[in-house]
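# Fold and contact review
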Number of protein chains: 2
Amino acid sequence: VLKAGICATDLEILRGYMGFEGVPGHEFVGVAESGSFAGRRVVGEINAACRACDTCQRGLERHCPHRTVLGILGRDGAFAEFLALPEANLHPVPDAVSDDHAVFVEPLAAAFAILEQTSVVPGMPTLVLGDGRLGCLCAMVLTNAGASVVHAGRNPNKLAITSAAGAKPLLLERGKKLPKSTGKFPLVVDATGDAAAFGHALEAVEPRGRLILKTTTNDPPTSSLAPIVIDEISIVGSRCGRFEPALDALSSGRIDPAPLIHGRFPLEDAAAAFEAATRRGALKILFDVATR
Amino acid sequence: VLKAGICATDLEILRGYMGFEGVPGHEFVGVAESGSFAGRRVVGEINAACRACDTCQRGLERHCPHRTVLGILGRDGAFAEFLALPEANLHPVPDAVSDDHAVFVEPLAAAFAILEQTSVVPGMPTLVLGDGRLGCLCAMVLTNAGASVVHAGRNPNKLAITSAAGAKPLLLERGKKLPKSTGKFPLVVDATGDAAAFGHALEAVEPRGRLILKTTTNDPPTSSLAPIVIDEISIVGSRCGRFEPALDALSSGRIDPAPLIHGRFPLEDAAAAFEAATRRGALKILFDVATR
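To keep things clear, this report deals only with the structure shown in the data block. (Residues numbered from 1 in each chain as written. Chains lettered and ligands numbered in written order. Predicted model: local features only at pLDDT ≥ 70, side-chain atom pairs only at ≥ 80, totals over all residues. Heavy atoms only, no water.)

Frequently, the measure chosen for interface size is the accessible area that the parts lose on association. Facing the 39 residues of chain A at the interface are 39 residues of chain B. In total, chain A and chain B occlude about 3000 Å² of area from one another, counting both sides; carbon and sulfur atoms represent 60% of this. Across the chain A-chain B interface, the total number found is four salt bridges. Between R58(B) and E206(A) there is a salt bridge whose closest N-O contact spans 2.9 Å. Across the contact surface, chain A and chain B share 13 residue pairs in polar contact (both at pLDDT 80 or more). Mapped onto the side of chain A that touches chain B, the elements with two or more residues apiece are β12 (205–213), α8 (226–230) and β13 (234–237) of chain A. Of the residues contributing to the side of chain A that touches chain B, the split by class is 17 nonpolar, twelve polar and ten charged. The sheet contact formed by β13(A) and strand β13 (residues 234–237) of chain B spans three bridges and is antiparallel. Counterpart to V236(A) in the pairing with β13(B) is S234(B). (Contact = heavy atoms within 4.5 Å. Buried area = accessible area lost by both parts, 1.4 Å probe. Salt bridge = Lys/Arg side-chain N within 4 Å of Asp/Glu carboxyl O. Polar contact = N/O pair within 3.5 Å; in protein donor to acceptor, adjacent residues only side chain to side chain. Helix = DSSP H or I, 4+ residues; strand = E, 2+ residues; numbered from the N terminus. Nonpolar A, V, L, I, M, F, W, Y, C, P; charged D, E, K, R; others polar. Pairing = 2+ DSSP bridges.)

This part is about the sheet that holds strand β6 (residues 74–75) of chain B. The strands making up a sheet associate through backbone hydrogen bonding, with each pair oriented either parallel or antiparallel. Residue and element names in this part refer to chain B. Across the sheet, which stays open at both edges, the three strands sit in the order β4-β5-β6 with mixed pairing between neighbours. Looking along the sheet, the strands with just one partner apiece sit at the ends: β4 (47–48) and β6. Where β4 lies against strand β5 (residues 68–70), two bridges are found, and the strand directions are antiparallel. In the strand pairing of β5, A48 is matched with T68.

All names here are of chain A. Its place among the elements puts A165 in the loop between α6 (156–164) and β10 (168–171). As a C-alpha pair, A165 and R254 span 89 residues in sequence and 9.8 Å in three-dimensional space. Setting aside residues no more than four positions away along its own chain, A165 makes contact with M140 and T143.

Taken as a whole and assessed by the stated rule, the structure comprises four cavities of 30 Å³ or more. Within this model, the largest cavity holds a volume of roughly 80 Å³. S224(A), L225(A), A226(A), D190(B), D194(B), A195(B), F198(B), L213(B), T215(B), T217(B), D219(B) and P221(B) together form the lining of the largest cavity. Taken as a whole, the second largest cavity encloses approximately 70 Å³ of empty space. D190(A), D194(A), A195(A), F198(A), L213(A), T215(A), T217(A), D219(A), P221(A), S224(B), L225(B) and A226(B) together form the lining of the second largest cavity. Of the residues in the lining of the second largest cavity, the class split is six nonpolar, three polar and three charged. (1 Å grid on protein atoms, 1.4 Å probe; cavity = no way out; pocket = protein on both sides within 12 Å on 5 of 7 lines; lining within 4 Å. Points joined across faces, edges and corners; volume = space filled by probe spheres on them.)

Regular strands place their side chains on alternate faces of the sheet. Residue and element names in this part refer to chain A. Here β13 shows two buried faces, one formed by S234 and V236 and the other by I235 and G237. The sheet contact formed by β12 and β13 spans four bridges and is parallel. Across the sheet, residue R210 finds its bridge partner in β13, namely S234. (Buried < 20%, exposed > 50% of the residue type's maximum accessible area, 1.4 Å probe, protein only.)

Before going further, it helps to spend a moment on the pattern of salt bridges. All names here are of chain A. Enumeration according to the criterion identifies 29 salt bridges over all chains in this entry. D100 is the partner of K3 in a salt bridge, and the nearest nitrogen-oxygen pair spans 3.6 Å. Taken as a pair, K3 in strand β1 (residues 3–5) and D100 in helix α3 (residues 99–102) lie far apart in primary sequence, 97 residues in all. D100 shares its class with K3; the two are buried. R279 is the partner of E275 in a salt bridge, and the nearest nitrogen-oxygen pair spans 3.1 Å.

Residues and elements named next belong to chain A. Judged by pairing direction, the sheet is mixed, and its six strands sit side by side in the order β7-β3-β2-β1-β15-β14 without closing on themselves. At either margin of the open sheet sits one strand with a lone partner, and together these are β7 (90–92) and β14 (261–265). Each strand axis lies, on average, 25° off the axis of its neighbour in the sheet, ignoring direction. As judged from the four bridges shared by β14 and strand β15 (residues 284–288), these two strands associate in the parallel manner. The residue of β15 that forms the bridge with G263 is I285. (Axes fitted to C-alpha atoms, helices over the stretch in contact; angles between N-to-C directions.)

Let us look at the environment of R242(A). Residues and elements named next belong to chain A. With respect to the secondary-structure elements, R242 resides in the loop between β13 and α9 (243–251). Sequence separation between R242 and V105 is 137 residues, and the spatial gap between their C-alpha atoms is 9.5 Å. Setting aside its immediate chain neighbours within four residues, R242 contacts R62, A109 and E116.

Right, let's get into the pairing of strand β9 (residues 148–153) of chain A. All names here are of chain A. The buried fraction of β9 amounts to five of the six residues, a majority that puts the element mostly inside the structure. For strand β8 (residues 125–129) and β9, the ladder comprises five bridges, and the chain directions are parallel. Paired with L127 across the strands is V150, a residue of β9. As a crossover connection, the stretch from β8 through helix α5 (residues 133–144) into β9 is right-handed. Note that the unit made of β9, α6 and β10 has a crossover that is right-handed. (Right-handed = clockwise from strand over helix to strand, strands pointing away.)

Residues and elements named next belong to chain A. Summed over the entire model, instances satisfying the criterion amount to four aromatic pairs over all chains. Measuring from ring centre to ring centre gives 5.8 Å for F79 and F274, while their planes differ by 80°; the resulting arrangement is edge-to-face. Linking F79 in the loop between β6 (74–75) and β7 with F274 in helix α10 (residues 270–278), this pair joins segments that are 195 residues apart in sequence. Judged by its relative accessible area of 11%, F274 is buried. A connected cluster of aromatic rings, assembled from ring pairs, spans F79, F274 and F287. (Phe/Tyr/Trp six-rings, centres within 6.5 Å; stacked < 30°, edge-to-face > 60°.)

What follows concerns the state of the cysteines. Inspection of every chain in the model, using the stated rule, returns zero disulfides over all chains. Unpaired in terms of disulfides, C64(B) finds its nearest cysteine sulfur in C50(B), a separation of 3.6 Å. (Disulfide = S-S within 2.5 Å.)

This is the structure in structure tokens:
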């Protein structure tokens with residue numbers, strides 16, 4: 001492992017999500033020790049499928065019921081000097097992509113997954129709720145795809161980063177609903193990580209519109225699902241994505257996630273790193289594990 | 001009004017849903033007093049749109065923000081001798097369709113809405129949760145569309161009705177989860193009317209599968225939405241449907257809802273009728289208002 005990033009899921013895992021015990025971490029760039037990519041920089045898809053069951057045969061390896069998931073389910077993760085993944089999971093990193101950029105491939109791929117799940121037409125009014133790490137990447141990817149993105153969050157510094165990338169910032173007051181003047185959108189992304197935000201996200205979806213759900217939390221939502229039925233809304237759960245579009249966007253410079261880097265820690269200071277990642281206003285915290 | 005039916009939404013409205021005050025009731029067959037259909041039997045779409053705003057211009061009249069809804073929002077409903085609806089909402093009832101059948105057009109159209117929202121391939125494993133009035137109609141419509149339907153509910157008498165129509169019954173114990181052996185389905189319909197059932201419905205959807213949500217309740221769900229994200233599930237809210245396929249299915253005899261009729265009351269006995277509709281195991285309660 002060269003570098004690894006702390007993700008909101010890692011923080012949820014520390015609070016018991018998935019009941020995971022072991023080494024957390026699933027965002028990384030490293031150097032392959034063996035196999036066809038030996039000696040090359042690689043990033044790795046985090047779901048290790050059995051590739052034999054019915055689900056895998058149908059091309060749904062990410063949903064293999066026998067899968068392990070790096071740092072999340074039955075497989076030690078990336079906050080370590082070494083990790084193990086099947087060779088089929090690895091992607092070599094082009095020279096044009098720095099280590100600092102490559103460590104974003106996994107979360108950036110998760111943001112690009114939205115484009116696999118819904119069609120975005122140029123100028124499409126789109127609301128991204130949540131200015132955490134994933135919310136910012138979603139706002140960047142959707143802006144880059146041509147959507148007219150309103151990015152709603154509580155931290156002006158974070159919104160300034162996506163604003164520089166072309167999104168329109170909407171600063172929210174803590175605990176307050178979206179202002180009525182925000183209007184309704186055919187496409188809304190909930191990347192808040194907050195169960196209570198789901199109701200606000202729903203209210204912002206126009207009838208027959210679509211809500212992409214990125215938030216994973218153990219808490220049930222605090223509001224009724226009735227608006228889904230009344231307004232015939234579709235909710236689309238969105239998790240991991242293919243690495244290719246993310247590597248391509250980084251390689252071509254279309255997306256630059258570097259402004260999201262907020263702090264760097266050695267592995268020895270893991271507790272301090274996690275504390276920094278938990279602090280309000282924190283963006284991406286990286287572990288600098290090794291240099292080539 | 002010749003006949004009117006009591007729907008789960010009417011019972012929710014009595015408990016405060018939508019804050020409606022006025023005459024409830026939105027399932028009816030009647031005789032037009034005036035206009036092009038004067039003297040003919042008609043059924044009526046319940047959403048009365050302004051037909052002028054942007055939403056209406058886009059063909060989404062059912063979602064017109066200025067709409068009234070028969071017996072639900074700003075417009076007195078069908079539990080009366082007369083009701084008023086715009087002529088554009090009315091559909092003449094073919095002679096082949098009896099009054100008892102015609103009163104089911106509105107809820108049957110809501111069940112047919114599923115076929116507008118998702119494609120059903122022959123033999124597609126489908127789970128319908130809930131053996132209330134709408135759940136039974138959904139099971140009938142999906143079976144008739146060629147799906148291989150498992151109909152899960154708590155009332156053996158109700159399940160016997162849809163079983164006769166070709167669904168496979170699954171009797172559930174009250175408050176118990178679906179048995180593990182039920183398996184996972186690419187298509188699940190939640191028509192339970194119970195916020196607590198949403199989590200059970202989610203668990204029965206296979207990865208990348210689809211959950212059609214028919215349940216409208218003011219209560220928030222009791223379980224986390226995380227499985228939507230982890231299994232990349234789509235939730236599709238489903239409300240009203242076009243009347244044409246329902247009238248066609250009744251006219252051709254492909255669907256026979258008559259076994260769902262559970263009791264008949266005159267308007268004068270409204271309190272007893274509502275009490276009967278609320279009783280556990282109740283199916284469709286009709287008001288016999290007039291005869292031709």
